[in-house]
Each structure stands twice: as C-alpha cells, then as structure tokens.
Amino acid sequence: MNYTFSNKMNALAPSAIREILKATSQPGIIPFAAGNPAPEAFPVQAVREISARLLQERPVDCLQYGITEGFFPLRERIREDVKKRLNIGTAADELIITSGAMQVMDLATKVLCNEGDTIICETPSFIGSLNTFRSYGVRLCGVPMQADGMDVDALEQALQAEKNVRFIYTIPNFQNPTGITMRAAKRRRVYELARKYNVLVLEDNPYGELRYDDEPLPCIKSFDEDGRVIYVGSFSKILSPGMRVGYALAPQPVIAKMTVGKQAGDVHTTMWAQLVVDEWLQHYDVNAHVRKICGIYAAKRDAMCNGLAGTALQFQVPTGGLFLWCDLPPEIDMLDFTKRAIAAKVAVVPGSAFAVESTDKINAVRLNFSTPTDEQLAQGVEILRGVLRSFS
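Nothing here was measured: the structure is a model prediction, and the numbers come from that model.

Inspection of every chain in the model, using the stated rule, returns 23 salt bridges. A salt bridge links K221 to D224; the shortest N-O distance between them is 3.0 Å. Residue D224 is classed as buried on the basis of its relative accessible area of 12%. Between D302 and R301 there is a salt bridge, and its shortest N-O distance comes to 3.0 Å. The class of R301 is buried, set by a relative accessible area of 4%. Sharing partners across several salt bridges, the network here consists of R53, R58, D61 and E279.

This paragraph deals with the sheet that holds strand β13 (residues 349–350). Strands sit in the order β10-β11-β14-β13 across an open sheet of four strands; the sheet is antiparallel. The sheet is open, and its two edges are formed by β10 (314–315) and β13, each paired on a single side. Sheet topology note: the β13/strand β14 (residues 364–368) ladder contains two bridges and is antiparallel. Among the inter-strand pairings, V349 is bridged to a residue of β14, identified as R366.

A few words now on the nonpolar core. Residues F32, F133, L202, M258, Y297 and L367 are the most contacted members of the largest nonpolar core, which totals 95 residues. A per-element tally of this core places helix α12 (residues 286–308) first, with 10 residues. Residues in contact with L367, not counting those within four places in the same chain, are F32, M304, L308, L322, F323, L324, C326, V348 and L384.

What counts and how
Residues numbered from 1 in each chain as written. Predicted model: local features only at pLDDT ≥ 70, side-chain atom pairs only at ≥ 80, totals over all residues. Heavy atoms only, no water. Salt bridge = Lys/Arg side-chain N within 4 Å of Asp/Glu carboxyl O. Buried < 20%, exposed > 50% of the residue type's maximum accessible area, 1.4 Å probe, protein only. Pairing = 2+ DSSP bridges. Helix = DSSP H or I, 4+ residues; strand = E, 2+ residues; numbered from the N terminus. Core = buried A, V, L, I, M, F, W, Y, C linked by side-chain atoms within 4.5 Å. Contact = heavy atoms within 4.5 Å.

Following this line, the structure appears as structure tokens:
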C-alpha cells in the first residue's frame, strides 16, 4: 500500500539528535550527544519511598483520572514556590501541569498560531521546540545569539519586518544548545519590545536551577505587567525526565485555551507522577538535592572544559546547564568532524541540527557533559583532541 501523509508531517525530518543518539546504543560509544541527567543525580530512594507510601495510602489518587489543569495541591505549591523564588505570577495568571515542558511548546503553538504565522526564535535553538513549531506550519524567524544572549537589535528588526508574529521564543538561562545566559538588561529589553510590538514571549527555563556560578538573574516573566509572558518550567532536570512533569504559568485566558488543547491530547498528566512530585516538594529537602546535583555537574563541566582548553575548539564556559557549544575553525568542516568523532566512538551533535533556517551558517558542535561518567568524560575529551589533530 502507498501511504499518503499530511503536508505538515512531510515537512518534518527526524530529529538529528535522536538519530545520533541511536549510535550511543552501540557498545563503547561515549555519549557527548545526549542531554540526559547523570544517573547519580536521580533521587531514587526518595521516589521509591514516596511511591510505596502513595500506593499504600492513596492508590486511587495515583491510578484514577485527574483534572486537565493538574493536581490542585501541586499547582498551588508550584505557584507559591515560583512567587517566592523567582518573583513571578500575579492574580491574573494561572498554572497548568503538562506532560513535560515540551507539551507547553505544543500547546502554545496550537492555541496561538495559525499556519503561516511567525514565531521569532533564537538561532541556534533547541531542536525539539523548533520541530514542534514547524509541525503547525508556522514560519520561523531566527535572531542571532551573542555572548550575552539574543541580539536585541536584530530582534527589533525582525519584529518590524515580519508579519503576524505570534510570540518570541527564548531560553534565557544556559540556552540549549549554546549554554549562553541572557544578561538582565537584555531580558528587560525583550519584554519591552514584546510590549512595543504587541506580541507574547514564551520563556523556556528548563535549566534555570542548574546554576554553578554567578548570581540568579530575573526572569522575563518577572517584568510582566500586562499578561504577555508564558513561563515554562520543568522537573525533568532536577528530579526525573522520565516522569514527564512540566508546567506553564501564563495569563488565565491562555491557560484556559491550553487546557482545552490538552484535553484533546492526553487528557491530563500522569497522576502518579504529579503526586510524587508534590510529595517530594513537600517532605524532602529539594534545595539540598539541587545543591548536590549542581556540584556533580559543575565538576563534569570543569573536566570537559579543562580537557578541551588549548585546542582548536572555541567555547564560552557556561555558568550552568548541561551543554558546551564549541565553534570549529573554518578549515574544519562540522559534518566531517562529527563523522570522525562518531567513528572514534564519541557521539557529538552537529550545530546545524539547531539551525532555525536552512541558510543559517553554523560551524559548531554541541557537547553534553551531564550524561557521560567521569571516566567517559576523560576518555572522550582525549579522543576529541585526537580527532582535531587528524585535521592537521
């Protein structure tokens, strides 16, 4: 039988990262391409204790349907936490629990965009979000990244030139893939431009708690005076990505439409996972856990950066997050470097995977330091140094 697929699916290609990750299943491959938390970062014992207690004392709550907006005590607990910790959220905002932060990207695009509308994104940017946006037939307009975040002058030019801009998508903390953090003045400027040109901001913050150096910066949402910022949070990087618990804090009318959109998708996020997160936040020392995993990742980051110092790879040491973005010299082709690295048993991601537009000129690779063991980090860095020497 000949199968005919929808136009929007024909326009999508498999995620380059997911395709490369297939190589990591081969014996001996060192996983610099992934973005997974380190196994030692999971609070396994806490999840085991909580799950046993919940299934003993509240099995029906864990196994029954829930409301689409999410488990009410968890929603209230998150609202209180982000208000205290990040100074975000007003009486005009609502919060919805989602199946991971990625579902927020899907719901935001579903409820805000028609085919042909424009989303302005940082370039390079997270391929998962870009493919979600593309699946709705929108136009993506890329704004270059600078050492301190999105080029806000180029952002204003894009807002002036583009038609039907629905929102600006940004990852201000330890951006994926570049690891760059947007400075405070630029965050305010992004919000001011959104107000000036009457568009929304989708602020994606999955890595915000993984800060190893410097002081926290204000969220763009903290400037929100007129209900135009959708803030996206996740428990994937501090608790467990497999549990798929994320959330959006946004103006009530936006959350109301997202709720309808979620009802048409998965009805609600897994109740067991929501209850585990709620119990974890309520009864365990989450701050101590976050300090522990930040210590783990800071040491891994330092091992990778110190090991690659002095090579032809140019990089800015990230102050948090999970990724190291490495620019290659002009004489080394990105795809050739990627192929040679994989042949030498080190999986890396070519920078072109994160391009917003096919014409974007990117000669870089993304490396991940959270997934490999300390031994794999040392071995993988030495292999990459050898791959670089092979171009001499």
